[in-house]
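A closer look at the structure
If you want the building blocks of each chain, they are given just below.
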Amino acid sequence: MLHQHGKTTKMNLVILLVMAATLQLQLGMGKTAAVRKKKFPCWSTPLKPYLITYPCYTVAGDVLCRCSSTTLDCSSNFGRLNYIPSVFSGAQVLNFSNNELRQLDDDKFFLNASRSVRVLDLYNNEMTSISPSTLRPLRKLSTVLIGGNNLTYEQLWPVFGIPTIKIMDIKCGNLGTIPTDYFNKSLSLQILDMSWNNINTLDMHVLQPLWNIRKFALQDNKLYSHTSAYLPSLESLSLRGNRLYNFPATCKGGSMNESFFPSLTKLNLAKNHISSISDPVCLPRVTVLDLQYNTIQIFSADFSSVLRFPALKQLFVNEVERKITGINAYAFNNSGLQYLGIGYNSVDFSSSDMSDDMLAGCSGLTELYLNRNIFKKVSKERLHRILQPVQNLEILYMAQVQIEIISSDTFINLPHLKYLYLYENSLFSVPDGAFDHLPRLKHLDLGSNHISKITKDTFSVQTQQQLVSLDLSNNPFQCGCDLLWFQQWMRERPGLFTDFDDLGYRCDNVHNEAVHQFHINPQECIWDTSVYILIISFTCFFIIVFLLFIGVFGYRWHIRLWLYSLCQGLHERSRRHAERQMRGFRYDVFLGYAEEDVEWVHKELLPVLEQKWRLRVCVHQRDFLPGKHIVDNISDSIEESDRYVMVFSPDFTRSQWCQFELKVSQTLAMERDDIMILLMLHETEARDLSSTMLAILQTTTYLEWMDEDSAKASFWGRLELALGDVLRH
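Reading the values: rules and limits
- Residues numbered from 1 in each chain as written.
- Predicted model: local features only at pLDDT ≥ 70, side-chain atom pairs only at ≥ 80, totals over all residues.
- Heavy atoms only, no water.
- Helix = DSSP H or I, 4+ residues; strand = E, 2+ residues; numbered from the N terminus.
- Buried < 20%, exposed > 50% of the residue type's maximum accessible area, 1.4 Å probe, protein only.
- Contact = heavy atoms within 4.5 Å.
- Salt bridge = Lys/Arg side-chain N within 4 Å of Asp/Glu carboxyl O.
- Disulfide = S-S within 2.5 Å.
- Bend = angle between axes of the 7 residues up to and from the residue.
- Patch = residues over 30% accessible without salt bridge, like charges linked within 9 Å, V, L, I, M, F, W, Y side chains within 5 Å.
- Areas by Shrake-Rupley, 256 points an atom, 1.4 Å probe, with all protein chains shown as cover.
- Pairing = 2+ DSSP bridges.
- Core = buried A, V, L, I, M, F, W, Y, C linked by side-chain atoms within 4.5 Å.
- Axes fitted to C-alpha atoms, helices over the stretch in contact; angles between N-to-C directions.
- Phe/Tyr/Trp six-rings, centres within 6.5 Å; stacked < 30°, edge-to-face > 60°.

**Side note on the overall build of the protein**
- The helix and strand tally for the protein stands at 16 helices and 31 strands.
- Residues counted as buried form 49% of the 729 residues belonging to the protein.
- In the protein, the proportion of contacts linking residues at least 24 apart, taken out of those at least 6 apart, comes to 66%.

Now the structure itself:
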């Protein structure tokens, strides 16, 4: 917590400490006020010096009361104690909470209590009645904590009727709307807390008899209706956690001439349904305004301007309930504003709906809370424009905003910066000198990013000396030669390095090793890093060359076939296209094969040729004309085909018709040049081949079928390449 609170004098110690412990009326309690969970509201927890220190009353071995120099604490006995023992005559604080004291109607109940009692705690006693005369012995009583009971307004009147009463805490009492004229005789009351009741409507005229009222809290009452009234002494008003849809009226008669609350300095309206602030606003002395968890979607120009809030110093608009859709230029235009909290809103500051001039006029701003927004796509130039008006900034929170990179001059326009929080972002490195232009920087938090190394050039000598705390915990440090300097720095200044979340400084590349403890042989660090980079580069180059050589060698035949096809050139393709146009082939492919190979042909070859590649294939069993001599069928079909595909196998050798087809195809191939494609289905010994087949195989490249997947892929790829002209046709 960075805000400082004033010291109290001894005379006011009792009143102020009880206020802090029980009323919870303070607004803006430091950097995490927007996200901290409040304590259970219906249990009083006094702070020092009222904490008990020693047992002072025991029955049958059970300690029923404890004492300190100022306090008699007989609380939490839950029915075992129904009287005040005579053990401490000088107590100023009497705690009798949680004792099941259902009725306070014995006039002698406080007979043993000190006449000096100023603070009385009767919390959570299931109390249903109080006798008007019971409290009379406590003539100096100024503070009564009586929340968590079942008392009605009528039953509480004896307490409000105490002439010395200044502070009343009746939280969690199931009270309804305050009756009219109820406070007519409570002239000395200064602080009243009625939070966590069931007060749905509030007409503040009921508080007007309380001329000395300074603080009033009505938190978490499901309040939906509010009427303002003139309360000249009210300094703090908390209506947090209700159902208000409108900002309270603050001007008498609807004009700006006179305020309903001329002395009000703290206004807490958090956790309501307020979406805007309507003019006129008459709050001349409000220094703290809390509007967190409301439904503000657009921050219009002059939302918190000096015209509306001439004395405003702290504004809280963290974690609004609806997505912020726009922040206009001059939205926070107030030169007196010192703290602005707009965190936990997931605002994308790269959006055009978020003006670069939103902070224009905030020249006095010293603390800016932007955690849990989005700056991922915000350029350095735009960030400079946004922060340009707040050059007096001393504290900047930009944690959890998805920043991935910062440059050496990202924060150059903030020369007065003392605290910079960048934890839980996505920074992979810190550029050299990124913070050297911040001469007043004392506290830097870079924890939980992705930073792997810190070198001696990351921070200048001056920056190293001026830093008071530096949090680099929970980063994936690569422990090696590059981190030796950082390790030495940690050993020399152990008090500098903080670890807010106790996540540690660990080596990401060494299991279970702390940064300040890892060891490396100095001989390994003799060579400069550039030498290692050069060696690694050359090694990678030779590996790549070697892999390329292996790849080229393994696919040398594919490459040769591709080069051959490429080298045919446009002239050859043009010639064949002209020939094809002139002859008008009936078939794209004539398929010659033995009857014994028909299963492979129909299962493997024809589906690809006819279905996948859409070729017209001549198959003798299907396409030869019935009644025509077989020799004529063969000759005419081959003559009318653009390409001849022969499926060689041992059975092809033994078939006289296959041999005839081969001879005819060979004759035409010699005339038309490069139109025969040979497929070797089964390996065949040379002695089993005909002289024609042997001659063709010795002079013509053929494709061999194999069952392996890789071999099949090569087979189909080469066949597609061989049929390229026909496929393009």
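**Comments concerning the pattern of salt bridges**
- This structure, assessed with the given rule, holds 20 salt bridges.
- Notably, a salt bridge pairs R80 with D62, separated by 3.8 Å at the nearest N-O pair. Of this pair, R80 sits in the loop between β3 (71-73) and β4 (93-95) while D62 sits in strand β2 (residues 62-67); the two residues are 18 residues apart in sequence, bridging distant segments of the chain.
- Residue classification places D62 among the partly exposed residues on the basis of a relative accessible area of 37%.
- A salt bridge links K252 to E258, with the shortest nitrogen-to-oxygen separation between them at 3.3 Å.
- Classification of K252 by relative accessible area gives partly exposed; the value is 27%.
- Residue E258 is classed as partly exposed on the basis of its relative accessible area, which comes to 38%.
- Shared partners join several salt bridges into a network, and the residues in it are E100, R102 and E126.

**Concerning the state of the cysteines**
- With the rule as written, the count across this model stands at four disulfides.
- Residue pairing for C56: its cysteine sulfur links by disulfide to C67, the two sulfurs lying 2.0 Å apart. Around the S-S axis, the bridge from C56 to C67 shows a dihedral of about 70 degrees and counts as right-handed. Here C67 lies in strand β2 and C56 lies in strand β1 (residues 54-59), a separation of eleven residues in the sequence.
- Residue C67 is classed as buried on the basis of its relative accessible area of 1%.
- Disulfide partner of C479: C507, at an S-S distance of 1.9 Å.

**Considering helix α2 (residues 153-160)**
- For α2, every residue scored as buried is listed here: Y153, L156, P158, V159 and F160.
- Buried residues along α2 sit against β7 (129-130), β8 (143-145), β9 (167-169) and β10 (191-193).

**Brief notes about helix α9 (residues 598-612)**
- Along α9, the helix axis deviates most sharply at L606, where the bend reaches about 50 degrees; the proline P607 sits within four residues downstream.
- The set of residues buried in α9 consists of W600, V601, L605, L606, V608 and L609.
- Where α9 is buried, its residues meet β27 (587-592), β28 (617-618), β29 (641-648), β30 (676-680) and α15 (709-722).
- Residue R614 follows α9 closely and has a positive phi angle near 60 degrees.

**A closer look at a nonpolar patch on the surface**
- On the surface, L534, F538, F541, F542 and V545 cluster together into a nonpolar patch covering about 530 Å² of accessible area.
- The residue F541 is located in helix α6 (residues 529-554) in this model.

**A short note on the pairing of β29**
- With eight of eight residues buried, β29 lies mostly within the body of the structure.
- Relative to β29, β27 runs parallel, the two being bridged by five bridges. The residue bridging G592 from the neighbouring strand is M646, located in β29.
- When β29 meets β30, the two strands line up parallel, connected through five bridges.

**Brief notes about the nonpolar core**
- Formed by 140 residues in total, the largest nonpolar core has its most connected members in I146, L192, F332, L396, F435 and F486.
- Secondary structure elements with two or more residues in this core: β2, α2, α3 (380-387) and α5 (484-492).
- When residues no more than four places from it in sequence are discounted, the contact partners of F486 are I454, L472, F477, F497, Y505 and V515.
- By size, the runner-up hydrophobic cluster in this structure holds 25 residues, among which are V647, I677, L681 and V726.

**Brief notes about the sheet that holds β29**
- Spatial strand order, β28-β27-β29-β30-β31: five strands in an open sheet with parallel pairing. Looking along the sheet, the strands with just one partner apiece sit at the ends: β28 and β31 (703-704).
- Pairing of β30 with β31, which is carried by two bridges, proceeds in the parallel orientation. Residue M680 lies in a different strand from β31, and its bridge partner there is E704.
- Strand contacts of helix α11 (residues 630-639): β27, β28 and β29, with the helix running at about 120 degrees to β29, the strand carrying the most contacts.

**Describing the packing of aromatic side chains**
- What the rule picks out here adds up to 32 aromatic pairs.
- Consider the rings of W485 and W489, whose centres lie 5.2 Å apart with planes at 40 degrees: the pair is tilted. Remark: W489 and W485 occur in helix α5; sequence separation between them is four residues, near one turn of the helix.
- With a relative accessible area of 26%, W485 lands in the partly exposed category.
- Classification of W489 by relative accessible area gives buried; the value is 4%.
- Geometrically, the ring pair formed by F486 and F497 is edge-to-face, given 5.5 Å between the ring centres and 90 degrees between the ring planes.

**A short note on the environment of I130**
- When you line up the elements, I130 lands in strand β7.
- Accessibility expressed as a relative area gives 10% for I130, which makes it buried.
- Sequence separation of I130 and W157 is 27 residues, and the distance between their C-alpha atoms is 8.8 Å.
- Look past the residues within four positions of I130 in its chain and what remains in contact with it is L104, I146, L151, Q155, P158 and V159.

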